[in-house]
Amino acid sequence: MRIINANYNTMILNLDPKFAPIQNQEEIKFQSFTFSGGEPHIKINPDFDVNQKVTITHRLNSFNDLGLLCITVDALRRMDVKIIDLFIPYFPAARQDRVMIPGEPLSVKVYADIINAMQLNKVFAFDAHSEVTPALLNNSTVIPNYTFIKEVLNKIGQNVKLISPDGGALKKIYKVSEFLGGVEVVECSKSRDVKTGKLSGFKVYEEDLQGMDCLIVDDICDGGGTFVGLAEELKKKNAGKLYLAVSHGIFNKGFEVLNCFDGIFTTNSFKDFDGESVQVIGLDQLV
Ligand SMILES: O=P(O)(O)OC[C@H]1O[C@@H](O)[C@H](O)[C@@H]1O
């Protein structure tokens, strides 16, 4: 999947310069800062041809990040830039894609509505949690996790089974398997207590894994409970080495809780990692 279309001249505006997922493309210079009242501000260097397409790349992990994006698009429009694309590595609130109990928001729609109001040319999102995100977003393209998982297999070897943690992930994992030339998939399911939302159990739909190495593939690792629980079930079925590959690494409980894994892989879509127990495949290698 390529965000840059060779038919256009494209300038990149990396709102988080450390992130820089698109390489070898000319960048627009800017200064951004926060006013003492807390409002974000940006000054874009006008020294570029506004008839080119501008692709903004930005981690939208908070409403402050969204605020900076909104004023950036406004500034570009006022400079007369007509074609603006956006690359969102981790779509915010993508998991809040349904209202479970009255009183909750449909947060993913709130973010999508705000982005739609900017009337962007194209919006790219990396491995959005469910099909709800692209359904709500205008002109959107989801960049799948295929090349990420391919890179992971390049590191751990091809002789693994792909593990889908739950029914929701099944459609995606079969596409990954097809992309990788038919790597075998093991289907699993997880159940939650309806009232508390807590995980209550896992099923692995294979009798005996016979020492085979297993790679669990999912979009997000948050606390890690899903993967620790599933790892226990896989071990009960005689799995060999266990690996975990998640597109978006939140890891809010750290890596100690995940020490049942022989290797953990993620991207820098959500944050950067420094000397931690995870192997990071940067999005600059994947998009
Ligand atoms: O178990 P933790 O890591 O907290 O949550 C991650 C899981 O929760 C889901 O939304 C994700 O798709 C993943 O399956």
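What counts and how
Residues numbered from 1 in each chain as written. Predicted model: local features only at pLDDT ≥ 70, side-chain atom pairs only at ≥ 80, totals over all residues. Heavy atoms only, no water. Helix = DSSP H or I, 4+ residues; strand = E, 2+ residues; numbered from the N terminus. Rg over C-alpha atoms; globule rule 2.2 N^0.38 Å. Areas by Shrake-Rupley, 256 points an atom, 1.4 Å probe, with all protein chains shown as cover. Buried < 20%, exposed > 50% of the residue type's maximum accessible area, 1.4 Å probe, protein only. Pairing = 2+ DSSP bridges. Right-handed = clockwise from strand over helix to strand, strands pointing away. Axes fitted to C-alpha atoms, helices over the stretch in contact; angles between N-to-C directions. Parallel < 35°, antiparallel > 145°, perpendicular 65-115°, else oblique. Left-handed = near helix turned anticlockwise from the far one by under 90°. Contact = heavy atoms within 4.5 Å. Nonpolar A, V, L, I, M, F, W, Y, C, P; charged D, E, K, R; others polar. Phe/Tyr/Trp six-rings, centres within 6.5 Å; stacked < 30°, edge-to-face > 60°. UniProt positions renumbered as here; feature names shortened; annotations may be inferred. pLDDT = per-residue confidence, 0-100.

> So what exactly am I meant to see when it comes to the overall build of the protein here?
Counting secondary structure elements, the protein contains 6 helices and 14 strands. In terms of C-alpha radius of gyration, the protein reaches 20 Å, essentially the compact-globule figure of 19 Å for 287 residues. In terms of its C-alpha atoms, the protein occupies a principal-axis envelope of roughly 60 × 45 × 35 Å. Total accessible area on the protein is roughly 14200 Å²; 47% of this is exposed by carbon and sulfur atoms.

> Which parts of the structure should I look at to understand the pairing of strand β6 (residues 122–126)?
Burial analysis of β6 places 4 of its 5 residues in the buried class, the great majority of the element. Relative to β6, strand β5 (residues 84–88) is paired through 4 bridges, and the arrangement is parallel. Paired with Phe 87 across the strands is Phe 124, a residue of β6. For the handedness criterion, the β-α-β arrangement of β5, helix α2 (residues 107–117) and β6 is classed as right-handed. Here β6 runs beside strand β7 (residues 140–143); their pairing, made up of 4 bridges, is parallel.

> When you look at the packing of helix α4 (residues 146–156) against helix α5 (residues 170–179) in this model, what are you seeing that I'm missing?
Helix packing for two helices is described by the angle between their axes and how far apart those axes are. For the pair α4 and α5, interaxial distance at closest approach is 10 Å and the crossing angle is 60°. Compared by their axis directions, α4 and α5 come out oblique. Viewed along their axes, α4 and α5 form a crossing whose handedness is right-handed. Of the residues in α5, those in contact with Tyr 146, Thr 147, Ile 149 and Lys 150 of α4 are Lys 175, Val 176 and Phe 179. Split into classes, the residues belonging to the contact of α4 with α5 amount to 4 nonpolar, 1 polar and 2 charged.

> I'm lost on the packing of aromatic side chains in this one. Help?
Working definition: an aromatic ring pair is given by the centre-to-centre distance plus the angle between the planes. The final tally for this structure, using the stated rule, is 7 aromatic pairs. Judged by centre distance (4.8 Å) and plane angle (25°), the rings of Phe 63 and Tyr 111 are stacked. Here the residue Phe 63 occupies a position in helix α1 (residues 63–78), and Tyr 111 occupies one in helix α2, the gap between them amounting to 48 residues. When the ring of Phe 251 is compared with that of Phe 273, the centres are 5.8 Å apart and the planes differ by 70°; the resulting orientation is edge-to-face. Of this pair, Phe 251 sits in the loop between β12 (242–249) and β13 (263–266) while Phe 273 is found in the loop between β13 and β14 (279–280), placing the two residues 22 residues apart along the sequence. Note on Phe 251: relative accessible area 5%, which makes it buried.

> How do you make sense of the UniProt feature "domain: Ribose-phosphate pyrophosphokinase N-terminal" (unreviewed entry) in the protein when you look at a structure like this?
The UniProt feature table records "domain: Ribose-phosphate pyrophosphokinase N-terminal" (unreviewed entry) at residues 28–117. Measuring from the first to the last C-alpha atom of residues 28–117 gives 23 Å, for a span that is 30% helix and 22% strand.

> Please clarify how the sheet that holds strand β10 (residues 199–204) should be interpreted in this entry.
Here 7 strands make up an open sheet; going across it, the order is β10-β9-β8-β11-β12-β13-β14 and the pairing mixed. Both outer strands of the open sheet, β10 and β14, are each paired with one neighbouring strand and no more. In terms of strand pairing, β12 meets β13 through 3 bridges, oriented parallel. Paired with Tyr 243 across the bridge in β13 is Gly 263. Contacting β8 (160–164), β11 (213–221), β12, β13 and β14, α4 crosses the sheet at an angle of about 150° to β12. Taken strand by strand, helix α6 (residues 225–236) contacts β8, β9 (185–192), β10, β11 and β12, and its axis lies near 40° from that of β10.

> Can you help me understand the sheet that holds strand β1 (residues 10–14) in this one?
Strands belonging to one sheet form pairs held by backbone hydrogen bonds; the direction of such a pair is parallel or antiparallel. Spatially, the 5 strands line up as an open sheet ordered β1-β4-β5-β6-β7, and their pairing is parallel. The sheet is open, and its two edges are formed by β1 and β7, each paired on a single side. Within this sheet the neighbouring strands show an average axis-to-axis angle of 20°, counted without direction. Looking at chain direction, strand β4 (residues 53–57) and β5 are connected through 4 bridges and run parallel. Looking at β5, one finds that Thr 55 is bridged to Asp 85.

> Which parts of the structure should I look at to understand the UniProt feature "domain: Phosphoribosyltransferase" (unreviewed entry) in the protein?
Residues annotated by UniProt as "domain: Phosphoribosyltransferase" (unreviewed entry) correspond here to residues 155–266. Within residues 155–266, the helical portion is 21% and the strand portion 36%, while the C-alpha atoms at the span's ends are 13 Å from each other.

> Help me understand the confidence of the model for the protein, please; the structure alone is not making it clear to me.
Should the pLDDT be low somewhere, the predicted coordinates at that spot are not to be read in detail. Per-residue confidence for the protein gives a mean pLDDT of 95; residues scoring 70 or more make up 99%. Scoring of the predicted complex yields 0.95 for pTM and 0.97 for ipTM.

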